[in-house]
Amino acid sequence: MPEATTSENGADGVQIDLFSGSRMANLTSMEKIRLILDGVRDGNIVILEEGLSPDEESKLIEVTMAEIAPDEFNGIEIETYPRSQTADQSFLDRLMGRQSTQKLTVIGPANQIQTLHKDENLISALVSRR
C-alpha cells in the first residue's frame, strides 16, 4: 500500500511529479505509460503538462486494469483539463476533427486522489496520505 513520502527534514506528505511536454515528447507511448504507472504505483501524483493522446489514454487504462491487484494496486484516477481548442489547433486540425494533446492531466492512485470539482477553468482534487 502506498505510504506518505518523508523528506530529508522529516516532513511527510504526498510527492507530486510534474512532467514537461518536452520530457514526454521523447518517449514512446509505452514508455510514457510505464513512467506514469511506476510513479502512481509508488503513491505519487503525476501531472503531465501536455497530456496524452486519446490512444495513449486508452492504453494507460488498459494496462492499469491488467495491473490491479487487491491490497497492492487499486488503479488510477485521471482528470484532464483541456486548453482552448481554438488556441491550440490550426483551422485544418479543427476541420478534420483532430484532437490536440495540449492539455493538463492529473493522474494519481485511486485510493489517494478524489476529484471534488471540475469545470472548464479548474480541477479541484483532494489528496490523502493513505
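If you're wondering where the values come from, they're calculated on a predicted model, not measured in any experiment. (Residues numbered from 1 in each chain as written. Predicted model: local features only at pLDDT ≥ 70, side-chain atom pairs only at ≥ 80, totals over all residues. Heavy atoms only, no water.)

Draft legend 1. The confidence of the model for the protein, seen in detail. Within the protein, residue pLDDT values average 78, and 73% of them lie at 70 or more. Put simply, helix 4 (residues 85-88) is where the protein has its lowest mean pLDDT, 47, and helix 2 (residues 29-41) is where it has its highest, 94. (pLDDT = per-residue confidence, 0-100. Helix = DSSP H or I, 4+ residues; strand = E, 2+ residues; numbered from the N terminus.)

Draft legend 2. Region of the structure containing the packing of aromatic side chains. Under the criterion given, the structure shown has zero aromatic pairs. One Lys or Arg, Arg41, reaches over the ring of Phe73 and ends 4.8 Å from the middle of that ring. (Phe/Tyr/Trp six-rings, centres within 6.5 Å; stacked < 30°, edge-to-face > 60°. Lys NZ or Arg CZ within 6 Å of the ring centre and 35° of its normal.)

Draft legend 3. Seen up close, the packing of helix 2 against helix 3 (residues 54-67). Packing of helix 2 against helix 3 brings their axes to within 10 Å, and their N-to-C directions diverge by 45°. Relative to helix 3, helix 2 is oriented oblique. The two elements helix 2 and helix 3 cross, and the hand of that crossing is right-handed. Between helix 2 and helix 3, the contacting residues are Ser29, Met30, Lys32, Ile33, Arg34, Ile36, Leu37 and Arg41 on the first element and Glu56, Lys59, Leu60, Val63, Thr64 and Glu67 on the second. Of the residues belonging to the contact of helix 2 with helix 3, the class tally is six nonpolar, two polar and six charged. (Axes fitted to C-alpha atoms, helices over the stretch in contact; angles between N-to-C directions. Parallel < 35°, antiparallel > 145°, perpendicular 65-115°, else oblique. Left-handed = near helix turned anticlockwise from the far one by under 90°. Contact = heavy atoms within 4.5 Å. Nonpolar A, V, L, I, M, F, W, Y, C, P; charged D, E, K, R; others polar.)

Draft legend 4. Structural context of a nonpolar patch on the surface. Judged by side-chain polarity, Ile61, Met65 and Ile68 come together as a nonpolar surface patch covering roughly 290 Å² of accessible area. The topology assignment puts Ile61 in helix 3. (Patch = residues over 30% accessible without salt bridge, like charges linked within 9 Å, V, L, I, M, F, W, Y side chains within 5 Å. Areas by Shrake-Rupley, 256 points an atom, 1.4 Å probe, with all protein chains shown as cover. Salt bridge = Lys/Arg side-chain N within 4 Å of Asp/Glu carboxyl O.)

Draft legend 5. Representation of the nonpolar core in the model. Ile36, Leu48, Leu60 and Ile107 are the most contacted members of the largest nonpolar core, which has 15 residues in total. Broken down by secondary-structure element, the contributors of at least two residues to this core are helix 2, strand 4 (45-48) and helix 3. Broken down by element, the residue count for this core peaks at four residues, all from helix 2. The contacts of Ile107, once residues within four sequence positions are left out, are Ile36, Val40, Asn44, Ile45, Val46, Leu48, Leu60, Ile76, Glu77 and Ile78. (Core = buried A, V, L, I, M, F, W, Y, C linked by side-chain atoms within 4.5 Å. Buried < 20%, exposed > 50% of the residue type's maximum accessible area, 1.4 Å probe, protein only.)

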